[in-house]
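What follows is each chain in one-letter form.
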Amino acid sequence: SSGINAEWPLRPGAVAEAVASLTTAGFQRLDEASNWDVKPGGKYFLTRNASTLIAFSLGGKYERGNPCQLIGAHTDSPCLRVKQRSKDSSVGYDLVKAECYGGGIWATWFDRDLKLAGKAIVHTEKGLVSKLVHLDHPLLHVPTLAIHLNRSVNESFQFNKENELVPVLGLIEEQLNDEKSLNAKEKQQQHFHRHHNSTLMNLLSEELECTADKIMGFDLCMADYTAAGLGGIKEEFIMAPRQDNLVNAWAGVEALVLHATGDSFSSSPNCAVLCLYDHEEVGSTSAHGAQTELTNLVLGRIAGDKLPQCIATSFLLSADQVHAVHPNYTSKHEGSFRPQLNGGVTIKHNSNQRYATTAMGAALIRQLARQNDLPLQEVMVRNDSSCGSTIGPLISAKTGLRTLDLGCPQLSMHSIREMGGTEDAYYAVQLYTAFYSQFGELDRASSDD
């Protein structure tokens, strides 16, 4: 649970912690704009927008065109994001306007203590610099309307997301740099600053160790302040926010490090790749989402003129969370497919290509799990139920990579607090490590054409 507390707060913080783990394990940062000199036995990573990361390790026996084993996950989760003009107030309260990001269960954001995290753009003597922000204290709150004023609240909790899902920051005090006292030149100079509550900007300036007028922009998300923890009578559950999809992002980092520092790495002929993308929750269509050209560009720089051979023999695990069977809503699940918490990583199937799993891919992962004595579950949705999707079909269609969708089961997906299994996180690390180290040999011994 500590991995989702201070270490993995939100997208930029998650990528920063992944970078710290990779750097400690000997991975070297690459610059997209520079020439690369990657060699067998080398370990590398690059980032975009501080919210997307691609890391890879080349086995000691790697040759250009050899297969890559890829794991893809995403760093973003549904949340409330501070609007670019957030200043607001009402009847003596300072408010912060927020935009709904992704498909959150927004009712769960009421009556929670909220913190802020993300990044800010600061003007320095050397130019504009992106800096991480983590205001780790109960700063904001969205209060519900008391039942005495809304007698039907327990029958139907309805609210307007624009007018009633607005966090309270504090009580109004005299605003510093009051807009009325600024002349035209000062207003222009403080264009970004003046559209946000001065108390909030001063908090940010203290965190960033600069004056408020040096803050030229930000990407700030609200998050549950309550710490992640273990729950259940035997501590068999992870009670934490953003398990979709930081569980798989974290497990992927752990697996890549274990593989790249393991005994078999020096004799491996393959390339192990970890892709952590942003913007999955809103469609992945961005320069740092899964629909970017970044994946192909990186593989191309690794494989060179042997990229077609590399694509044909490589394999991607699209790792994203799975709906566990809900004890109070069992009818929502297909009777033969009911993933259990702590029952193991779960393969996802969908004939309509909402998931990219194929028969051969599933058979290979079953064999991999069997030879490592790891539990494995499988899931399909009911015919009368809608089916979500993942980055798997998007990357598979864009790159031509063979792909399988899987992930850890959880409850309360897209709530501000989610519930997962402690053992499933362990199983994920073990399966993903085995995928990096052993899948290539299994794949070479198979034939699907």
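Above this text sits the structure in question.
Scoring rules and cut-offs
- By convention here, each chain's residues receive numbers from 1 onward along its written sequence.
- This being a predicted model, a pLDDT of at least 70 is required before a residue's local features are given, and a value of 80 or more before pairs of side-chain atoms are given or counted; all residues contribute to the totals for chains, interfaces and linings.
- Heavy atoms throughout the structure, all of them, feed into the side-chain values; hydrogens and water do not.
- Only protein chains enter the calculation, and the probe is 1.4 Å; a residue is then buried if its accessible area is under 20% of its type maximum, exposed if over 50%, and partly exposed in between.
- Helix numbering and strand numbering both begin at the N terminus, where a helix is a DSSP run of H or I of at least 4 residues and a strand a DSSP run of E of at least 2.
- A strand pair is defined by DSSP finding two or more bridges across the two strands.
- Note on handedness: a crossover is taken as right-handed if, strands pointing away from the viewer, the path from the first strand over the helix to the second is clockwise.
- Whether two residues touch is decided by their heavy atoms; if any such pair falls within 4.5 Å, the residues are in contact.
- Between the N-to-C directions of two axes lies an angle of 0 to 180 degrees, each axis being a line fitted to C-alpha atoms and, for a helix, fitted only over the stretch in contact.
- A pairing counts as a salt bridge when a side-chain nitrogen of Lys or Arg comes within 4 Å of a carboxyl oxygen of Asp or Glu.

*Asks:* Would you take a moment to explain the pairing of strand β16 (residues 345–348) for this structure?
*Replies:* Within a regular strand, the side chains alternate between the two sheet faces. Going residue by residue along β16, you find Val345 and Ile347 tucked away on one face and Thr346 and Lys348 tucked away on the opposite face as well. Pairing of β16 with strand β17 (residues 376–379), which is carried by four bridges, proceeds in the parallel orientation. What sits directly across from Ile347, in β17, is Glu378. A crossover links β16 with its parallel partner β17, the connecting element being helix α7 (residues 359–371), and its sense is right-handed. Bridging between β16 and strand β18 (residues 402–407) involves two bridges; their strand directions are antiparallel.

*Asks:* Would you mind going over the sheet that holds β18 with me for this structure?
*Replies:* Taking strand neighbours across the sheet as the criterion, the nine strands line up as β1-β2-β3-β13-β4-β14-β18-β16-β17 in an open arrangement whose pairing is mixed. At either end of the open sheet lies a strand with only one pairing partner, and these are β1 (28–29) and β17. In this fold α7 packs onto β14 (315–319), β16, β17 and β18, with an angle of close to 155° to the strand it touches most, β17. Packed onto the sheet, helix α9 (residues 422–444) meets β4 (68–74), β13 (271–277), β14, β16, β17 and β18 and runs at close to 150° relative to β4.

*Asks:* Quick question: what am I supposed to make of the pattern of salt bridges here?
*Replies:* Should their charged atoms come close, side chains of opposite charge can pair. Per the counting criterion, the structure on display carries 11 salt bridges. Its salt-bridge partner being Glu162, residue Lys83 comes within 3.1 Å of it at the nearest N-O pair. With a gap of 79 residues between them, Lys83 in strand β5 (residues 79–90) and Glu162 in the loop between β8 (127–141) and β9 (168–171) connect regions that are remote in the sequence. Under the relative-accessibility criterion, Lys83 is labelled partly exposed at 22%. Between Arg417 and Asp224 there is a salt bridge, with its nearest N and O atoms 3.1 Å apart.

On their own, these measurements won't tell you what the molecule is for.
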